[in-house]
Amino acid sequence: MNENKERNLILLGAAGAGKGTQSQKMATRLNIPQISTGDMLRQARRDQTPLGKSADGYMTRGELVPDELVIGLVEERLQKPDAGPGFILDGFPRTLEQARALDTLLKKLGRAPLQVVDVQVPEALLVERLSGRLSCPKDGASYHLKFAPPKTPGHCDRCQGALTERADDKPDAVKQRLVEYRNKTAPLIDYYHQQRLLHPVDGVGEVEAVFSRITQALQLS
Ligand code: AP5
């Protein structure tokens, strides 16, 4: 299968579905950037930019940041040269308004059609995954105490930076993130299904097994 053609991918899925884990693997495989709005917002929060300050409260509570803050961020990012050969959107779009804004932008830019992977994981397993998650604040890499431990405890395999727990992985925020997903993001499954762009993938099992299902669904293997 030709891996040189433009690939514009979206990874949909609830919090903890493995969007970040799988996007990073796909980015390496296809040599296109992983664009995670969660990582971009966390960076803005660390840098104390006006965007970061506005987003902070929403993120800590596990609520979605308002569309107008996120859409501009993605529009700017997608027009950077490294996204020319394709991109993997991780955590965007999350609302119908964001999905429509993305469609308008891609049309304006004359980009190839999207392929949307919906990573499906039962809610009880999502909660288990989020409760043991460790993240690298420097490069966004995700680990899990039980399911995906780092080679050196407490340190990122890639950059050796110290791993931290995310503030929004606390039980109340996790609950809220799953409510936000059900109410605002799950309708995108039907939106992309109607457009025949959707590839549902079972997200349960080893990371490599899920990745293999995704590459098969996208006809990369
Ligand atoms: P974001 O950072 O996007 O968080 P999320 O969607 O809640 O997703 P997560 O990063 O928690 O999970 P994931 O699906 O990436 O799973 P991961 O691979 O890490 O967003 C955070 C916040 O930012 C939002 O709540 C919102 O406030 C704001 N925001 C971001 N984008 C926005 C937008 N577009 N609009 C508005 N607001 C926005 O895996 C989870 C854990 O499971 C890890 O520990 C991992 O090691 C483990 N794991 C992964 N795969 C497997 C596997 N197959 N088996 C076992 N363990 C696994």
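Residues numbered from 1 in each chain as written. Predicted model: local features only at pLDDT ≥ 70, side-chain atom pairs only at ≥ 80, totals over all residues. Heavy atoms only, no water.

Caption draft 1: Region of interest: the site of the ligand. Within the structure, the ligand sits among 36 residues, and Thr21, Glu63, Arg133, Tyr143 and Arg177 are positioned closest to it. In the model, an oxygen atom of the ligand is placed 2.5 Å from a nitrogen or oxygen of the threonine 21 side chain. In this structure, valine 65 approaches the ligand through a main-chain N or O atom, which is 3.0 Å from a nitrogen atom. Summarising the interface, the protein chains cover 96% of the accessible area of the ligand, which totals 1000 Å² for the free molecule. Going through the elements one at a time, α1 (19–30), α2 (37–46), α6 (123–131), β6 (142–144) and α9 (207–217) are the ones with two or more residues in the shell around the ligand. Ranked by residue count, the leading element in the shell around the ligand is α2, at four residues. (Near = heavy atom within 4 Å. Polar contact = N/O pair within 3.5 Å; in protein donor to acceptor, adjacent residues only side chain to side chain. Areas by Shrake-Rupley, 256 points an atom, 1.4 Å probe, with all protein chains shown as cover. Helix = DSSP H or I, 4+ residues; strand = E, 2+ residues; numbered from the N terminus.)

Caption draft 2: Looking closely at the side chain of serine 135. Mapped onto the fold, serine 135 is located in strand β5 (residues 133–135). Taking the relative accessible area as the measure of exposure, serine 135 reaches 9% and is therefore buried. With residues up to four places along the chain from it excluded, the contact list for serine 135 reads Ala141, Ala162, Leu163, Thr164 and Arg166. (Buried < 20%, exposed > 50% of the residue type's maximum accessible area, 1.4 Å probe, protein only. Contact = heavy atoms within 4.5 Å.)

Caption draft 3: Seen up close, the nonpolar core. Formed by 30 residues in total, the largest nonpolar core has its most connected members in Leu78, Leu89, Leu102, Leu114 and Tyr192. Where this core is concerned, the elements lending two or more residues are β1 (7–12), α2, α3 (50–61), α4 (67–78), β3 (86–90), α5 (96–109), β4 (114–120) and α8 (187–194). With near-sequence residues (within four places) excluded, tyrosine 192 lies in contact with Ile10, Leu12, Pro93, Ala99, Leu102, Leu114, Val116, Leu197 and Leu198. (Core = buried A, V, L, I, M, F, W, Y, C linked by side-chain atoms within 4.5 Å.)

Caption draft 4: Examining the pairing of β4 more closely. Counting buried positions along β4 yields six of seven residues, so the element is predominantly enclosed. Pairing of β1 with β4 involves five bridges; the strand directions are parallel. Following the sheet pairing, leucine 9 is matched in β4 by glutamine 115. Here β4 runs beside strand β7 (residues 198–202); their pairing, made up of five bridges, is parallel. The residue of β7 that forms the bridge with valine 117 is histidine 199. (Pairing = 2+ DSSP bridges.)

Caption draft 5: Region of interest: the environment of glycine 205. Mapped onto the elements of the fold, glycine 205 is located in the loop between β7 and α9. Taking the relative accessible area as the measure of exposure, glycine 205 reaches 43% and is therefore partly exposed. Once residues within four sequence positions are removed from consideration, glycine 205 is found in contact with Arg129 and Val210.

Caption draft 6: Region of the structure containing the environment of leucine 9. Within the secondary structure, leucine 9 is located in strand β1. On the basis of relative accessible area, leucine 9 is assigned to the buried category, the value being 0%. A sequence separation of 108 residues divides leucine 9 from valine 117, and the C-alpha atoms of the two residues are 7.5 Å apart. Not counting the four nearest positions on each side in its chain, leucine 9 is found in contact with Met26, Leu30, Phe87, Ile88, Leu89, Gln115 and Leu218.

Caption draft 7: The arrangement of the packing of helix α7 (residues 171–185) against α8 in detail. It is at 5 Å that the axes of α7 and α8 come closest, and there the two elements cross at 35°. From α7, Tyr181, Arg182, Asn183, Lys184 and Thr185 reach across to α8, where they touch Pro187, Leu188 and Ile189. Each residue belonging to the contact of α7 with α8 can be placed in one class, and the counts come to four nonpolar, two polar and two charged. (Axes fitted to C-alpha atoms, helices over the stretch in contact; angles between N-to-C directions. Nonpolar A, V, L, I, M, F, W, Y, C, P; charged D, E, K, R; others polar.)

Caption draft 8: Highlighting the pattern of salt bridges. Overall, the coordinates contain 15 salt bridges when judged by the stated rule. The residue glutamate 63 makes a salt bridge to arginine 61 at a minimum N-O spacing of 3.1 Å. Accessibility expressed as a relative area gives 44% for arginine 61, which makes it partly exposed. The closest approach of N and O atoms between arginine 177 and aspartate 169, which form a salt bridge, is 2.8 Å. Classification of arginine 177 by relative accessible area gives buried; the value is 11%. By relative accessible area, which is 12% here, aspartate 169 ends up buried. Taken together, the shared-partner salt bridges in this structure form one network comprising Arg133, Arg166, Asp168, Asp169 and Arg177. (Salt bridge = Lys/Arg side-chain N within 4 Å of Asp/Glu carboxyl O.)

Interpretation in functional terms is not warranted from these geometric data alone.
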